Amino acid sequence: LVMDFEMCVDYKILKDQVSDLKENIDSINDMLVQGRCLVLPFLGIDFRRFKQTTPGNIAARLDNIITDNLDGGIKTFTRDDVASDAVNGDFIGIKLYPSLGGDVWPGNRTSNYELQRKRNIALVEALSARQIPVTTHCQTDSYECGNSSIKDETLINYAKPQKWLNLLQACNSRDIRLNLAHFGGEAGVSKMLMWDEEDYDDYEDVLGHSGPTVGASWTYWIITILKTYKNVYSDVGAFNFEDEKAAASLLWLIYLDDIGELNIDGDYKLVDKLMWGTDIPMTLFENDDYADQFSKFYRYTNLAKLTSDTDFIYKLPPVSSNVVSDHAALVEKLVNTNPANFLFGS
């Protein structure tokens, strides 16, 4: 994912970032082909590239930015033709990183907030009309830069899922293919369950008397969007699966949603909206490599193995639950089915 750092200070222009990435992909192309790997990047675009005073010209400006920075534009593939028609280095999507300074839904105390909201609505609708998959950073762990006068906490909150909910509700189109990365991380997932830290024996202790959800959690609001919008997904690319509380919480969320006890309304199941991903190299401090991160994901989503692990102290969902006990089916959804639906349409 090429990130649009040009809106920060003293960074390369976007076209140069694209050229560097393509050079690196070309340099390992033989190895990728031999390993049957296909690298299809996303182009990073900052909200602020689109002038807030001209929301009516957003669609044309989007096309111009893509054309100016990508020789062949954004490529669109179906899941059937991508393996035969795509080549390494084909750009297939857009990456947004609001915490660099592009507020998703500016508050009403922000200067020109109405024009900025209209700009963002127009951009989402232009992306939706073109059926371009969009990944947006949506987590409290963020990279902030570009304006030292704005507090880091404010920049982080530019990406809040509540802001995305406001934006999506204001759009005429409900079809945008959107990935709200990274499901709030392990902290957001853990906060959604009211754990009794001293007793994990009773099912009621996991649920808590007032239900399993905590509204303050980013993950709660992400799930609200996932269950409301057909084509919105969330990856777990920055999720630390060695955090056993978070791993158990993730399985509980999938299970509780499946049996209708998550207390979040919506037409879609959570298990159909989550995607495996990796935030490497950002997560190299806790993973040796891509394979190491995947092995942790594979281990800590295996309910049967965790249930038999005497060192795993957290209460887990019933093994009789099909949605989490069928590990092969769960992994197939997160690794294959759901990402394919996001990238190529369901």
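The following refers to the structure shown. (Residues numbered from 1 in each chain as written. Predicted model: local features only at pLDDT ≥ 70, side-chain atom pairs only at ≥ 80, totals over all residues. Heavy atoms only, no water.)

## Comments concerning the packing of aromatic side chains
At step 1: Tallied over the entire structure, the rule returns 13 aromatic pairs.
At step 2: Here the aromatic rings of F239 and F241 are separated by 4.5 Å at their centres, their planes lie at 50°, and the arrangement is tilted. A single burial state applies to F239 and to F241, both of which are buried.
At step 3: For the ring pair F241 and F297, a centre distance of 5.5 Å and an interplane angle of 75° mean the geometry is edge-to-face. Here F241 is found in the loop between β5 (232-235) and α11 (244-258), whereas its partner F297 is found in helix α12 (residues 290-299), with 56 residues between them in sequence.
At step 4: Under the relative-accessibility criterion, F297 is labelled buried at 1%. (Phe/Tyr/Trp six-rings, centres within 6.5 Å; stacked < 30°, edge-to-face > 60°. Buried < 20%, exposed > 50% of the residue type's maximum accessible area, 1.4 Å probe, protein only. Helix = DSSP H or I, 4+ residues; strand = E, 2+ residues; numbered from the N terminus.)

## Overview of the sheet that holds β5
At step 1: Judged by pairing direction, the sheet is parallel, and its 6 strands sit side by side in the order β1-β2-β3-β4-β5-β6 without closing on themselves. Taken across any chain shown, the strands that pair with only one partner, and hence form the sheet edges, are β1 (42-44) and β6 (274-275).
At step 2: Alignment of strand β2 (residues 93-96) against strand β3 (residues 134-137), held across 3 bridges, turns out to be parallel. When the sheet's bridge partners are listed, I94 is paired in β3 with V134.
At step 3: Sheet strands touched by helix α7 (residues 161-170): β2, β3, β4 (178-181) and β5. Its angle to β4, the strand with the most contacts, is close to 165°. (Pairing = 2+ DSSP bridges. Contact = heavy atoms within 4.5 Å. Axes fitted to C-alpha atoms, helices over the stretch in contact; angles between N-to-C directions.)

## Let's talk about the nonpolar core
At step 1: Within the largest apolar cluster, 81 residues are counted, with the highest numbers of intra-cluster contacts made by L43, I94, W164, F183, L253 and I254.
At step 2: A per-element tally of this core places α11 first, with 10 residues.
At step 3: In contact with L43, other than residues within four places in its own chain, are V2, L14, V18, I66, N69, L70, F91, G93, I94 and K95.
At step 4: If you look at the next biggest cluster of nonpolar residues, it comprises 11 residues, including F42, V82, Y233 and A340. (Core = buried A, V, L, I, M, F, W, Y, C linked by side-chain atoms within 4.5 Å.)

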